[in-house]
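So the chains spell out like this:
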Amino acid sequence: MSATPSAADAYAPTDRTVPTRSRERATYDRDLVHAILDADYLCHLGFVRDGAPVVLPTLYARVGERLYVHGSTGSRPLRGAGEATGLPVCLTVTHLDGLVLARSAFNHTVNYRSVVVHGVARQVTDPAERSAALDALVDHIMPGRAADSRPANARELAATAVIALDLREVSAKVRTGGPGDDPEDLTLPHWAGVLPVTRAYGPPEPGDDLDPSIAVPGYLTAR
């Protein structure tokens, strides 16, 4: 890892963002946190409902020091975020970068980059902020797509809710490198190393009802 970032370039650790295991993998570097968040668009949003934990997979986008998450206005977590106190949540994003195969079963692990965000989510009600957030969500998944699609109409906007979560209590955790076998296992006749894991996009598949004269947009062929 790089040198410890200055206070202006890092999030302040809290009791909730300091891990109990593998603390050497934790970092609060702001640029690294942003890079991990910007490299994906699927998160898991955790909250408590009726006294029991609930975790939902959903889409997100980062705009500055704020995350936007979208869903249905009928969703209970999004309704909870609309209350005066907001909704306490924990949001996580994880990239799996490789399977780390050791000589012993116990020392198998994975290479990964992850971010955990704690905070209180609030529902976005300002029309301008909500419109900008929805565009950001579309463009985060596919840059250029917001301008290349019909904007949501009044009925669709009424059925869509957006919650905002500020980046305040934040930590990242990263694991890289090969297996960490015990010295006594190094002579065992088992292969050891890393199997890299990457995301790949296939060729665009046009819809059955697409006008054949409409060409595949450049932002798709460039991926």
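Everything here concerns the structure above.
Quick caveat, the model's predicted, so the values are computed rather than measured. (Residues numbered from 1 in each chain as written. Predicted model: local features only at pLDDT ≥ 70, side-chain atom pairs only at ≥ 80, totals over all residues. Heavy atoms only, no water.)

**So, the pattern of salt bridges**
So, point 1. Counted according to the given criterion, the structure contains 13 salt bridges.
So, point 2. In this structure, Glu169 and Arg16 form a salt bridge, with 2.4 Å as the shortest nitrogen-oxygen distance. With Glu169 in strand 8 (residues 169–175) and Arg16 in the segment before strand 1 (26–27), the pair connects residues that are 153 residues apart, well separated along the chain.
So, point 3. Measuring nitrogen to oxygen at the nearest pair gives 4.0 Å for the salt bridge that ties Arg155 to Glu156. (Salt bridge = Lys/Arg side-chain N within 4 Å of Asp/Glu carboxyl O. Helix = DSSP H or I, 4+ residues; strand = E, 2+ residues; numbered from the N terminus.)

**Quick word on the layout of surface pockets**
Gaps between atoms show up when a probe of the same size as a water molecule is rolled over them.
So, point 1. Empty space within the largest pocket amounts to approximately 460 Å³.
So, point 2. Lining the largest pocket are 18 residues, with Leu134, Asp135, Val138, Ala152 and Leu157 positioned closest to its centre.
So, point 3. For the lining of the largest pocket, the elements supplying multiple residues, two or more each, are helix 3 (127–141) and helix 4 (154–158).
So, point 4. For the lining of the largest pocket, the leading source of residues is helix 3, giving 8 residues.
So, point 5. Residue composition of the lining of the largest pocket, grouped by class: 10 nonpolar, 4 polar and 4 charged.
So, point 6. Of the volumes computed, that of the second largest pocket is approximately 310 Å³.
So, point 7. As for the second largest pocket, its lining consists of 15 residues, of which Arg145, Leu210, Val216, Pro217 and Leu220 are closest to the centre. (1 Å grid on protein atoms, 1.4 Å probe; cavity = no way out; pocket = protein on both sides within 12 Å on 5 of 7 lines; lining within 4 Å. Points joined across faces, edges and corners; volume = space filled by probe spheres on them. Nonpolar A, V, L, I, M, F, W, Y, C, P; charged D, E, K, R; others polar.)

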